[in-house]
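The chain contents come next:
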Amino acid sequence: MFQKLICILLLFSVFALKSQEINSPQLTQYLADNPFVLSPVYAGIGDHVKIRLNGLTQWIGIKDAPETQSIAADMRIGEQSGVGAFLYNDSNGNTKQQGARISFAHHLTIDKYDDKFLSFGLSYNFNQFRIDIWKLHEGDDLRTPATDPSITDDRSTTNHNFDVGMMYRWDKFYFSANASNLINKDLTKFNPTYEPNTLRNYYVYTGYRYKKNKNSNLEVEPSLLYKLFESDGRSEADINVKLRWYDLDDYYYAGLNYRFLNDQIGKPLYIAPFVGLKKANFYFGYSMQVILNDIIKFSYGTHVVTLGIDLFQGVSNCRCAY
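Positions within a chain are numbered from 1, following the residues in the order the chain's sequence is written. Note on the predicted model: pLDDT of at least 70 is required for a residue's local features to be given, and 80 or more for side-chain atom pairs to be given and counted; whole-chain, interface and lining totals, by contrast, use all residues. Hydrogen atoms and water are omitted, and side-chain values are computed over all heavy atoms in the structure.

Novice: How would you explain the overall build of the chain if you had to name every residue and give the values?
Specialist: Under the scheme used here, helices are H or I runs from DSSP no shorter than 4 residues and strands are E runs no shorter than 2 residues, and both carry numbers assigned from the N terminus. Helices and strands together make up the secondary structure of the chain, namely one helix and 14 strands. Expressed as a percentage of the 322 residues in the chain, the buried residues total 45%. Of all intrachain contacts in the chain linking residues separated by at least 6 positions in sequence, the fraction that spans at least 24 positions is 55%. Relative accessible area decides the class of each residue, using a 1.4 Å probe on protein chains only: under 20% of the type maximum gives buried, over 50% gives exposed, and in between gives partly exposed. Here a residue-residue contact requires only that any non-hydrogen atoms of the pair lie within 4.5 Å.

Novice: Report on the confidence of the model for the chain, specifying residues and quantitative values.
Specialist: When pLDDT is averaged across the chain, the result is 80; 76% of the residues are at 70 or more. Predictor confidence is given residue by residue as pLDDT, running from a minimum of 0 to a maximum of 100. Below pLDDT 50 for its whole length, residues 1-21 participates in 31 contacts with residues either more than four positions away or in separate chains.

Novice: I'd like a description of the pairing of strand β13 (residues 282-291), backed by residues and values.
Specialist: Going residue by residue along β13, you find Tyr 283, Gly 285, Ser 287, Gln 289 and Ile 291 tucked away on one face and Phe 282, Phe 284, Tyr 286, Met 288 and Val 290 left uncovered on the opposite face. Being paired, for any two strands, means DSSP has found at least two bridges between them. Looking at chain direction, strand β12 (residues 270-279) and β13 are connected through eight bridges and run antiparallel. Residue pairing for β13: Gly 276 is matched across the bridge by Gly 285. Here β12 folds back onto β13, and the loop between the two strands holds two residues, one of which, Ala 280, carries a positive phi near 55 degrees. With eight bridges joining them, β13 and strand β14 (residues 302-311) adopt antiparallel strand pairing.

Novice: I'd like to hear about the nonpolar core, residue by residue, with values.
Specialist: Buried Ala, Val, Leu, Ile, Met, Phe, Trp, Tyr and Cys residues that are joined via side-chain atoms within 4.5 Å together make up what is termed a nonpolar core. Tyr 30, Phe 36, Tyr 42, Phe 86, Tyr 205 and Leu 225 are the most contacted members of the largest nonpolar core, which has 23 residues in total. Those elements that place two or more of their residues in this core are β3 (81-92), β8 (201-208) and β11 (250-261). Judged by nonpolar contacts, the second largest core, of six residues, contains Leu 27, Leu 56, Ala 272 and Val 304.

Novice: Give a description of the side chain of Asn 127 that names residues and reports values.
Specialist: You can see Asn 127 is positioned in strand β5 (residues 116-131). You can call Asn 127 buried: its relative accessible area is 4%. Residues adjacent in sequence count toward polar contacts only when both atoms are side-chain atoms; beyond that, a polar contact is any pair of N or O atoms within 3.5 Å, and within protein one must be able to donate a hydrogen and the other to accept it. Within the structure, Asn 127 has its side chain in polar contact with the side chain of Tyr 88 (distance 2.9 Å).

Novice: Just give me the short version of the environment of Ile 271, but keep the residues and values in it.
Specialist: Position of Ile 271 among the secondary structure elements: in strand β12. When the C-alpha atoms of Ile 271 and Ile 291 are compared, they prove to be 6.9 Å apart, with 20 residues separating the residues in sequence. Excluding its chain neighbours within four sequence positions, the residues that come into contact with Ile 271 are Leu 256, Asn 257, Tyr 258, Met 288, Gln 289, Val 290 and Leu 292.

Novice: Explain unusual backbone geometry to me, using residue names and the numbers behind them.
Specialist: Most peptide bonds are trans, and most residues other than glycine sit at a negative phi. Unusually for a residue other than glycine, Asp 171 sits at a positive phi of about 55 degrees. Here Asp 171 lies in the loop between β6 (155-170) and β7 (173-180). Positive phi, close to 55 degrees, is recorded for Asn 181, a residue that is not glycine. Structurally, the position occupied by Asn 181 is in the loop between β7 and β8. The exposure class assigned to Asn 181 is buried, which follows from its relative accessible area of 2%.

Novice: Describe in detail a nonpolar patch on the surface, supporting the description with residues and values.
Specialist: Residues Ile 102, Leu 122, Tyr 124, Phe 126, Phe 162, Val 164, Leu 182 and Ile 183 make up a contiguous nonpolar surface patch of about 620 Å² in total accessible area. Taken together, the elements giving at least two residues each to the nonpolar patch come down to β5 and β6. Examining the composition of the nonpolar patch, we find that three residues originate from one element, β5, more than from any other. Residues forming no salt bridge and having over 30% relative accessible area are the ones grouped into patches, like charges within 9 Å of each other and nonpolar side chains (Val, Leu, Ile, Met, Phe, Trp, Tyr) within 5 Å. The Shrake-Rupley method, run with a 1.4 Å probe, gives the accessible areas here. Residue values count only the displayed protein chains as cover. Any carboxyl oxygen of Asp or Glu within 4 Å of a side-chain nitrogen of Lys or Arg constitutes a salt bridge here.

Novice: Explain the pattern of salt bridges to me, using residue names and the numbers behind them.
Specialist: Scanning the model with the defined rule gives 12 salt bridges in all. For Arg 259, the salt bridge goes to Asp 238, with nearest N and O atoms at 2.6 Å. Of this pair, Arg 259 sits in strand β11 while Asp 238 sits in strand β10 (residues 235-247); the two residues are 21 residues apart in sequence, bridging distant segments of the chain. Each member of the pair, Arg 259 as well as Asp 238, is classed as buried. A network of salt bridges, in which partner residues are shared, links Asp 33, Arg 209, Glu 219, Glu 221, Lys 242 and Arg 244.

Novice: Give me the lowdown on the packing of aromatic side chains, citing residues and values where you can.
Specialist: The pairing test for Phe, Tyr and Trp rings, Trp by its six-membered ring, is centres within 6.5 Å, and the orientation test on the planes gives stacked under 30 degrees, edge-to-face over 60, and tilted for anything in between. Under the counting rule described, the total for this entry stands at seven aromatic pairs. Here, a charge over a ring is recorded when the distance from Lys NZ or Arg CZ to the ring centre is within 6 Å and its angle to the ring normal is within 35 degrees. The positively charged end of Lys 211 is found above the aromatic ring belonging to Tyr 246, 4.4 Å away from the centroid. It is Lys 242 that lies over the ring of Tyr 253; its NZ or CZ is 4.3 Å from the centre.

Novice: Quick one: what's the story with the environment of Phe 274, residue by residue and with numbers?
Specialist: Among the secondary structure elements, Phe 274 is positioned in strand β12. A relative accessible area of 4% means that Phe 274 is categorised as buried. Separated by 11 residues in sequence, Phe 274 and Gly 285 have C-alpha atoms that sit 7.3 Å apart. Residues within four places of Phe 274 in sequence aside, it is in contact with Leu 31, Val 241, Lys 242, Tyr 253, Ala 254, Gly 255, Leu 256, Asn 257, Tyr 286 and Ser 287.

Rendered as structure tokens:
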């Protein structure tokens, strides 16, 4: 059973590293009223400086499981543009990633009477991937550091890259497309036979916010996120449904996220219920991913907590930034 568990963890680690390398892990953070973590096109949409803190712990109960902390902030500049920044720190066993993303977005009005808008976004990304050799040890003795003479310092590589995105909005409908890590990776420090140099990922995110009538306190938002990884042709999708209950300017929400590989729609990678609220200018969101395979016998799931605050309200004269 122990060997079987090790095999499962190795498979998940390979999957996680391929999907997270030179990127932050994307689970359900974007569903906590935080879509800026997906695409730069969301920068500047809203009437506040929006700040969101995310804490993600994967596979609780398993030693050295991945953990990620991040902060995202964006704001409007002028009437039709926005800027944002995203910082993250990710650890996975003896490997670590730190990164930053600086974004700019511009929002155009196609039809101001029917609320049709077109947005474009661009991000510059800086990422560092590092192996902490001081955590390596000899055999089963955790107190004795490794003595391999070929390992003399922490191994690290730095990557500079860019993301681009666009979004179309029509009243309560939205459709966005994003391409991340446009530039191939420099393989000078790696073995090109086994190391992929293509890091481009493609995202499509679409949904609709439905109310029975303007006076209804209940809003239903079905959405779909599709992701394609160019390096190996793998693709996956999220099917989401989110319910909001409004209380004047405050609201409470609950929903469900269903993620699967696109060739295995009936075998989800996980199912994730999520809840949250907005009270005045404060936000709170929580999600738990339930992994539906043998690892569930050893782990208490993956947990994501989001805290947020909106500061310095400044109403725009252009509805494209609402």
